Amino acid sequence: MARRNPRVGRRAFLKSAGATLLLPATAGMTYASGNREAARLVSPGADAPRRLCAIFVGNGVAMPPPGNPLHETWHWFPHELGPDYKLTKPLEPLAGLRDQFSVISGLSHPTLWPIYAHTTAGYFLTGADPQAPGGNSISMDQVMAEFAGSRTLYPSLTIGTEGGAGDVSRSNTLSYMQSGQPIPAIGGTPRAVFNELFSVDNRDKAAQVRSFNRDRSMLDAAVQQLNSLQSRLGPEDRRRLDEYLTSVRNTETRIDRAEAWLDVPKPEVDASQFQLDADPVSDGPAAFLDAMYQLVHTAFVTDSTRIATFQAVGEGAGAIAKEFPKALGMDRIHHQLTHEYDKTEDGWENWARYDRFQVERLALFLELLAGTEDPFADGSLLDNTIVLYGSGTSETHVTRNYPIIVAGGRNLGLAHGTHRRYDDGIPFSNLLLTLLQTLGVPAESFADSTGTLDLTAVA
Amino acid sequence: MKVWVVAVLAIASLVFGAAVAPIDGATGPDAVRFLGRFHPLALHLPIAFLVLVPLLEACRLFPRAAWLAQFAAPVLLVATLTAFLTVTLGLMLAAGEGHSGDLVDKHRWGGVAVASLAAIALAIRSTLGAGAHSRAGWAAYGGVLAVACAVLMVTAHAGGSLVHGPAYLAEFAPQPIAKWLGEKPHDGAATVDDRGDLPVSAATIDRFESGVRPLFGRYCVKCHGDGKQEANFRIDDLVAGMTSSHEVHDWHRVMDKLNTHQMPPEDARPLPDDERTAIVSWIETAMKEEARSRRANNVTAYIRRLAKREFNHTLQDLFRVPANFASRLPPDPRSEKGYDTDASLLRVSEVDLRVYIDLARAAVDRYVTFGPPANEVEQYFQEFEDNYFYGRWRAHHLSIARAPRPVPADEFARRVAAHEAGEPVYHEQFLGALPFGPISSGAEDEVAGARGYPRRHEMFVYIPTRKTVGEMVVRVHAAATPAASDGAFPRLRLEVGESYDRNLLALNVGEVDVTAPTDEPGVYEFRFRLEDTRSPPNATNGGGPGRFDRPLLLVFSNVARHPDGVIGSSRYAQEDPSLPDAIRVRGRLPGNTDEVIEGDRVATEKLLASRPGLLHLDALEVSITPVASEPAVGWKVARAPDGASLGDEQKIIAGMLSEFLPIAFRRPVTDGEIQRYLDTFSLLRKNDEPYEVAVRETLAASLVSPEFLFIGNPPPEALFDGRDNAADIERSLALASRLSYLVWSSAPDARLRNLAAAGKLVDPRTLAEETTRMLEDERSRRFSDTFVRQWLHLDDLGNGTVSTDYYPEYTPELGALMVRQTVATFQDVFHNDRDARSLFTDDYLFLNDQLARLYGVPGVQGGDLRRVRMDHDIGRAGLIAQPSMLAINSNGIDSNPVKRGVWLLERILDDPPPDPPPNVPSLGADGKSLVGLTLREQIEGHRDKSACINCHKKIDPWGLAFENFDATGAWRDEVSVRLGDERISRVVDATTVLPDGAEVHGAGELGKYLLEERERDVMKGLVRHMMTYAVGHELDILDEQEAEVITDMFRTSGYSLKHLVLAIAQSDAFAPGNLETKDG
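Residues numbered from 1 in each chain as written. Chains lettered and ligands numbered in written order. Predicted model: local features only at pLDDT ≥ 70, side-chain atom pairs only at ≥ 80, totals over all residues. Heavy atoms only, no water.

### With respect to the overall build of chain A
Alright, step 1. From N to C terminus, chain A includes 14 helices and 8 strands.
Alright, step 2. Here chain A, with 459 residues, has 58% of them falling under the buried criterion.
Alright, step 3. The contacts of chain A with a sequence gap of at least 6 include a subset with a gap of at least 24, amounting to 72%.
Alright, step 4. Of the roughly 17500 Å² of accessible surface on chain A, a fraction of 50% belongs to carbon and sulfur atoms. (Helix = DSSP H or I, 4+ residues; strand = E, 2+ residues; numbered from the N terminus. Buried < 20%, exposed > 50% of the residue type's maximum accessible area, 1.4 Å probe, protein only. Contact = heavy atoms within 4.5 Å. Areas by Shrake-Rupley, 256 points an atom, 1.4 Å probe, with all protein chains shown as cover.)

### Re the overall build of chain B
Alright, step 1. Within chain B one finds 38 helices and 18 strands.
Alright, step 2. Counting over 1080 residues, chain B shows a buried share of 53%.
Alright, step 3. A separation threshold of at least 6 residues defines the contact pool for chain B, and within that pool the share at least 24 residues apart is 75%.
Alright, step 4. Element-wise, carbon and sulfur atoms account for 55% of the exposed surface of chain B, whose accessible area totals about 46900 Å².

### Quick look at helix 26 (residues 764-776) of chain B
Alright, step 1. The terminal C-alpha atoms of helix 26 of chain B, which comprises 13 residues, lie 18 Å apart, in line with the 18 Å expected from a rise of 1.5 Å per residue.
Alright, step 2. Lining the buried residues of helix 26 of chain B we find helix 24 (726-743), helix 25 (750-757), helix 27 (780-791), helix 28 (812-831) and helix 37 (1057-1065) of chain B. (Expected span 1.5 Å × (residues − 1).)

### Observations regarding the pairing of strand 3 (residues 378-383) of chain B
Residues and elements named next belong to chain B.
Alright, step 1. With respect to burial, strand 3 is a largely interior element, 6 of its 6 residues being buried.
Alright, step 2. Neither face of strand 3 is left uncovered, since the one carrying Glu 378, Tyr 380 and Gln 382 and the one carrying Gln 379, Phe 381 and Glu 383 both have all their residues buried.
Alright, step 3. Of the strand pairs in this sheet, strand 3 and strand 10 (residues 614-625) are connected by 6 bridges, and their pairing is antiparallel. Note that in strand 10 the partner of Gln 379 across the bridge is Ser 623. (Pairing = 2+ DSSP bridges.)

### Section: the pattern of salt bridges
For side chains bearing opposite charge, pairing can occur when the charged atoms are close.
All names here are of chain A.
Alright, step 1. Counted according to the given criterion, the structure contains 76 salt bridges over all chains.
Alright, step 2. Notably, a salt bridge pairs Asp 383 with Arg 410, separated by 3.3 Å at the nearest N-O pair. Here Asp 383, found in the loop between helix 13 (347-370) and strand 6 (385-390), pairs with Arg 410, found in the loop between strand 7 (404-408) and strand 8 (419-421); they are 27 residues apart in sequence, far enough to count as distant.
Alright, step 3. Residue Asp 383 is classed as buried on the basis of its relative accessible area of 10%.
Alright, step 4. Judged by its relative accessible area of 33%, Arg 410 is partly exposed. (Salt bridge = Lys/Arg side-chain N within 4 Å of Asp/Glu carboxyl O.)

### Examining the pairing of strand 4 (residues 458-463) of chain B
Residue and element names in this part refer to chain B.
Alright, step 1. Buried residues dominate strand 4, accounting for 6 of its 6 residues.
Alright, step 2. In the sheet, strand 4 pairs with strand 9 (residues 552-558) via 6 bridges, with the strands oriented antiparallel. Counterpart to Ile 463 in the pairing with strand 9 is Leu 552.

### Structural notes on helix 11 (residues 202-219) of chain B
Residue and element names in this part refer to chain B.
Alright, step 1. Helix length check: helix 11 (18 residues) gives 25 Å between terminal C-alpha atoms against 26 Å at 1.5 Å per residue, within 8%.
Alright, step 2. In helix 11, a bend of some 40° at Glu 209 exceeds every other bend along the element.
Alright, step 3. Of the residues making up helix 11, those classed as buried are Thr 204, Ile 205, Phe 208, Val 212, Arg 213, Leu 215, Phe 216, Gly 217 and Tyr 219. (Bend = angle between axes of the 7 residues up to and from the residue.)

### Description of the sheet that holds strand 3 (residues 157-160) of chain A
All names here are of chain A.
Alright, step 1. In spatial order, the strands read 4-3-5-1-6-7-2-8; together these 8 strands make up an open sheet with mixed pairing. Single-partner strands in this sheet number two, and they are strand 4 (186-187) and strand 8.
Alright, step 2. The pairing of strand 2 (residues 101-105) with strand 8 spans 3 bridges and is classified as parallel. Looking at strand 8, one finds that Ser 105 is bridged to Arg 421.
Alright, step 3. In the packing of helix 10 (residues 285-301) onto the sheet, the strands contacted are strand 1 (51-57), strand 3, strand 4, strand 5 (307-313) and strand 6, and the crossing angle to strand 5 comes to about 175°. (Axes fitted to C-alpha atoms, helices over the stretch in contact; angles between N-to-C directions.)

### Examining the environment of A:Pro403
All names here are of chain A.
Alright, step 1. Along the chain, Pro 403 falls in the loop between strand 6 and strand 7.
Alright, step 2. Classification of Pro 403 by relative accessible area gives buried; the value is 1%.
Alright, step 3. Residues Pro 403 and Ile 104, 299 residues apart in the sequence, show an inter-C-alpha distance of 6.7 Å.
Alright, step 4. Excluding residues that lie within four positions of it along the chain, Pro 403 makes contacts with Val 61, Trp 76, Phe 77, Ile 104, Tyr 389, Gly 390, Ser 391, Thr 393 and Ser 394.

### Some points on the sheet that holds strand 5 (residues 471-481) of chain B
Residue and element names in this part refer to chain B.
Alright, step 1. Overall, antiparallel pairing links the 4 strands, which are arranged 3-10-5-8 in an open sheet. In the strand order of this sheet, the two ends are held by strand 3 and strand 8 (522-529), each with one partner. Adjacent strand axes in the sheet meet at a mean angle of 20° when their direction is disregarded.

### Notes on the packing of aromatic side chains
Residues and elements named next belong to chain B.
Alright, step 1. In this structure the tally under the stated criterion is 46 aromatic pairs over all chains.
Alright, step 2. Pairing Phe 34 with Phe 38 gives two aromatic rings, centres 5.5 Å apart and planes at 85°, and the pair type is edge-to-face.
Alright, step 3. Judged by relative accessible area, which is 55%, Phe 34 ranks as exposed.
Alright, step 4. The exposure class assigned to Phe 38 is partly exposed, which follows from its relative accessible area of 37%.
Alright, step 5. The rings of Tyr 339, Phe 783, Phe 787, Trp 791, Phe 826, Phe 830 and Tyr 1029 are connected pair by pair, giving a single aromatic cluster.
Alright, step 6. Sitting over the face of the ring of Phe 436, Arg 853 holds its NZ or CZ atom 3.7 Å from the ring centroid. (Phe/Tyr/Trp six-rings, centres within 6.5 Å; stacked < 30°, edge-to-face > 60°. Lys NZ or Arg CZ within 6 Å of the ring centre and 35° of its normal.)

### Let's talk about the interface of chain A and chain B
Alright, step 1. Contact with chain A, which involves 38 residues of that partner, is made by 53 residues of chain B.
Alright, step 2. Between B:Arg361 and A:Asp215 there is a salt bridge, with the nearest N and O atoms lying 2.7 Å from each other.
Alright, step 3. On the surface where chain A and chain B come into contact, there are 9 residue pairs in polar contact (both at pLDDT 80 or more).
Alright, step 4. Among the elements of the structure, helix 7 (205-222), helix 8 (226-230) and helix 9 (235-260) of chain A are those that each provide at least two residues to the side of chain A that touches chain B.
Alright, step 5. When residues of the side of chain A that touches chain B are assigned to their parent elements, the largest contribution, 13 residues, is made by helix 9 of chain A.
Alright, step 6. Of the residues that constitute the side of chain A that touches chain B, the class distribution is 14 nonpolar, 11 polar and 13 charged. (Polar contact = N/O pair within 3.5 Å; in protein donor to acceptor, adjacent residues only side chain to side chain. Nonpolar A, V, L, I, M, F, W, Y, C, P; charged D, E, K, R; others polar.)

### Quick word on the packing of helix 1 (residues 2-20) of chain B against helix 6 (residues 102-128) of chain B
Residue and element names in this part refer to chain B.
Alright, step 1. Two elements in contact, helix 1 and helix 6, have axes whose closest approach is 9 Å; the angle formed by their N-to-C orientations is 175°. One element, helix 1, and the other, helix 6, form an angle in the roughly antiparallel class. Facing helix 1, whose interface residues are Val 3, Trp 4, Ala 7, Ile 11, Leu 14, Val 15, Ala 18 and Ala 19, helix 6 presents Arg 108, Trp 109, Val 112, Ala 115, Ser 116, Ala 119, Ile 120, Ala 123, Ile 124, Ser 126 and Thr 127. (Parallel < 35°, antiparallel > 145°, perpendicular 65-115°, else oblique.)

### Let's talk about empty space enclosed by the protein
Residue and element names in this part refer to chain B.
Alright, step 1. Under the criterion given, the structure shown has 11 cavities of 30 Å³ or more.
Alright, step 2. The computed volume of the largest cavity comes to approximately 150 Å³.
Alright, step 3. Lining the largest cavity are 15 residues, and of these Arg 304, Ile 711, Arg 738, Tyr 741 and Ala 1030 lie nearest its centre.
Alright, step 4. At the level of elements, helix 15 (308-319), helix 24 and helix 35 (1015-1031) are the ones that each hand at least two residues to the lining of the largest cavity.
Alright, step 5. Taken together, the residues that form the lining of the largest cavity break down as 9 nonpolar, 2 polar and 4 charged. (1 Å grid on protein atoms, 1.4 Å probe; cavity = no way out; pocket = protein on both sides within 12 Å on 5 of 7 lines; lining within 4 Å. Points joined across faces, edges and corners; volume = space filled by probe spheres on them.)

### Looking at the environment of B:Arg529
All names here are of chain B.
Alright, step 1. Position of Arg 529 relative to the elements: it lies in strand 8.
Alright, step 2. Between the C-alpha atoms of Arg 529 and His 419, which are 110 residues apart in sequence, the distance is 27 Å.
Alright, step 3. If near-sequence neighbours (up to four positions away) are discounted, Arg 529 is found in contact with Val 321, Pro 322, Ala 323, Tyr 367, Gly 470, Glu 471, Val 627, Glu 630 and Val 633.
Alright, step 4. Looking at Arg 529, its side chain comes within polar contact range of the side chain of Glu 531, at 3.1 Å.

Rendered as structure tokens:
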């Protein structure tokens, strides 16, 4: 089964592997007591954190065609290129952050061109070919997690409005493992995310240690005869068993790592500052989405993880997110909005207003990051965090020209305040690879990437 | 200076042209190709003129001929112009004909260099004028001219090599010259230096270098070499050492093409028979050496991971429960031939391992219980007329409050008896028929979003159980009023799951035709595992987001179809103040506008007027039996008595392990092995784990061990060491597993294990008896089901294969039915031991009402598949023209003769065409209009292109025979094609001339042709496919020789598929490691 894997430089890989079992001393610091000096004291020389948050909103964006009176104002993409572009109405909420983000147009995953949309979420961060027999492949956040995930308690955080994995064509998660298996998103309620990140395991430490020991003894028992087996096998067979053994050893390493974190208390985070039980429908999508974004922010500020993916809007017609527009007082569900835009007079505008609502949520999140001093590095959280926001379709069924916003990461070398357009056919994977490299991952290629993009200058 | 500008511009544009010309192996537009073909004609001009120029210039040295020198400049001008022309034509040729490769590149840039140098020379010459005032100028001119001529030679040689093959000049040249001319040593030869580990012997490789490679150079490389790669294949890249299965595969292809005289083609240099034989026999020898060396090294798929379905069946048999153990495992990769048994692909990654650990723990948690069986059956009885399901979330709590409650056994018996004694009273809502076409199923997909309320053809019943594991039996007392028109019966479906607000997530657990009359209702039973349905969140498993436990939901529906069928909301989902409703609910269901409700009312009246089959529900019995109360399910482990010592516990566990491990490991276990697991148990106990946890963890550990996860592990030596028949035992143990996984997809049973432990399976008669016994067992249906699905690629028929926009009557359910039809056809022939040739005839069809509609066969009622005799020719041909195959090999809208042809070649004749070359242009990419053409005509158009023709003339004729069938496999006489914005109808033409010249009209005749003219090929194809499935890797040459023998045995058996399985089980291919075959 051929899988396209990112090639990570061997030297860099060894370096990170060597660091696997070292605990970042900063992790014990609590949010409440956090200040930059303290962080510096406990982690002299530690690399400044580089963070990633990738956000997916399904079903594309409103793009009223030329000739439509709304084309000029409500078209998601700005009409001008370069630094002098004018924000269109759906993007206006970002006005205050103009020099902290860029709009990107033109990119798409060529592997997804033949498919009939609504099924792009699972491939957004992987760039895999849905028709390839091997299934999906690793997503870019997991590439980063393999490289840098060991520096935090949670190598990565995968959340979503729906939660779970979904199925192949209606993925509820953006994150996929090396093997192409989905990583189920924590979702449904903000509380689930909070519990995962900050709730303290109620079992006493002895019980947790016992559970690790159970895992160990199971693996020990399973492989106890492996040596005598292997000595009697041909080379091909031995290779197959070796692969199995490697999997066993890696799993044991994971157990060791998890146990090592046992003595590091989780950051104390006060649950009452979030609307943890915000229901996306009855409490309204704004409260729900904002709570999810706030939790990502808190995860970053406590250095619980540095990598997050968030499927904010699923693509399925049956997704919870389909109700968002109705909760906002529109008379159609999201799916209808994106399909029936030309059936009613205000179809385009309603859709575009909904897009704007999503961008408003993003803007609040970015402002939150921008307004928080990074406890572990110079600048704001946003300066050290790359936020990737976008959809796998431009209009609902058009799998090209993804609407993309890249924000933050100025300390990592990104330059903003511009609208960049790339030719149709330039793989979205090129952007993913560029971001990976910017985040310090020594990947040479990713999925079907053909090169990188220059995001370091405002052209 | 002007002349320099012109020269530079000309050169620049030529270099630019050469750089951008699409020399990528794909063919270009016809006009380009036509002009390009003048390149071989034109090229003689620049060669002649350019060579002439120095001769003319040289005339200056001879006073009497000096006047000739005045022509040098004009000739150079002509040479330059023709050089530019030639290069341009050459670029067109290469782009148009689809040339590519190093040699082409060399020739291209050589040509560009010659033309450029000529232009430079011309420019210098023109600035020199007549006078000889610039010595340096003349020297430069001479130098450039000389270089141009030299480059010309090299380029011309490259061009000659392209046309005649690289060895053209060297072939008959005297040795020293040949050596100088000869191409650099070949890549393949490089590997020969490292002969230590090659599977092919040094002597054989020497024979290749001396005897075979020169023949390739003479006959093959012209089209399959550096310059041109017809069929995307290069013969000069083949490596004689055969170090990988890839190389073996390629050599195999070469041998086949030569053997069948497909190569060299008619218009190429003929290959004399003795030379052909020399090549073929060399390949055979090398391949045999490779196969033997592989077997000697035991690399022949000796050990492989259990496939997902094998893992599932093994646990089902181990825990004696028909539950699904593997749903969380990802699907297994398929081999090139399409099978999930390929040892080289079945791996255990870290993620897989974690899933295996979870699955093992889940299995022992559920199915290892402690103490003797309890009797904790939970029973419910409900008269349907008392069922209250108010299909609105606002009144959900009412529905839940009024749901049936579990009753004690005596009360249950009393109620059932009382029910039986009385007259049947039916629920007032009859369940009507559905229209044809897709019905949102309420399964776990997007349509669930619109579900959650019962509809016209459905009845919802809540069962407020807290159990999530165990056997559930649902007995429905029901009756039918058959349809007035044709007596069709309703079909009762039961789905089980949960509903939450507007979501319905339920699993179909069964369907049955209801035929009992209303005065005597029948009892219809559904039996399934509760753990395999979707249990709603309740207090015992975490609780849902609602304020209360969500009850388990049973959905009863009538899924029979009728032309006037209705999908509408039931009365119970609509506002109706007369309903027994404790609270008044305002508002309506989403989507229930006045219009919709009125439309529903009218449609329902119409439906009732046409008197369809109706389903009436009388009463419901439900029982749920937890695992601990099922004596025949799972493992019941004795509890350790209070105060028992670790030693006492170990005694209990040792006894348990000695029963459990031999099944899990598929062989007897040694005392040492039991001791090691006992040690694990003791360690867990010492770590303060409770007794139950320690037992379960110990057992789970055995289920993630390589002994469990892999087939073909060498058994511990202790099992045979020192015995007289040690070798027999070792081999028998290996055979037992391989056999049971072949026939049962699961572990050997006790009898087979005992025979293996005694070394008896090496006896061919015992092996035959056992195979026969296993084939008679019900579990052998796992083999027939899996094999036919993988053989015919049936799993490719998924959602979206057929466009429901074009075929509104097609549903995913119908697709699943098509697959079941094909499986039933194969299983009927397999298990009833019919002649396998009947797979390709239509004497009998497996049909139900829906399929009969698709076939246009009248008089078939009911939803169950049954064997129906056909008394006339239906123009199909068994498996190869069943709707499943036709739908899979369509583009969703129209037939796809190419896919159908490839499928037939791959699946039935086992003669797969080569992979298409990269950059295949799509139909119509050459700018030809496709307007108003049938797909058949479009495809015939593409066969005109020489780049495509060689492969497609072997593919398309097969597929065109099926043109009478549309994308759903239904018969058609006309096909609609697009003409502008309109669609027009064209008559279907299913006549086709097969590659051997036979003309057949349609699929029915194709079937006859296959059975009459190609019987052996078809049967050998089946043999080879089944062998590939059985042995777990691509067949090598020794396997193929056996395939021939097995095909003969198959024929002598009257094409009995069971005999075929037996023959394969007894073959050396199936049981490698047999020492006798290593030298054979």
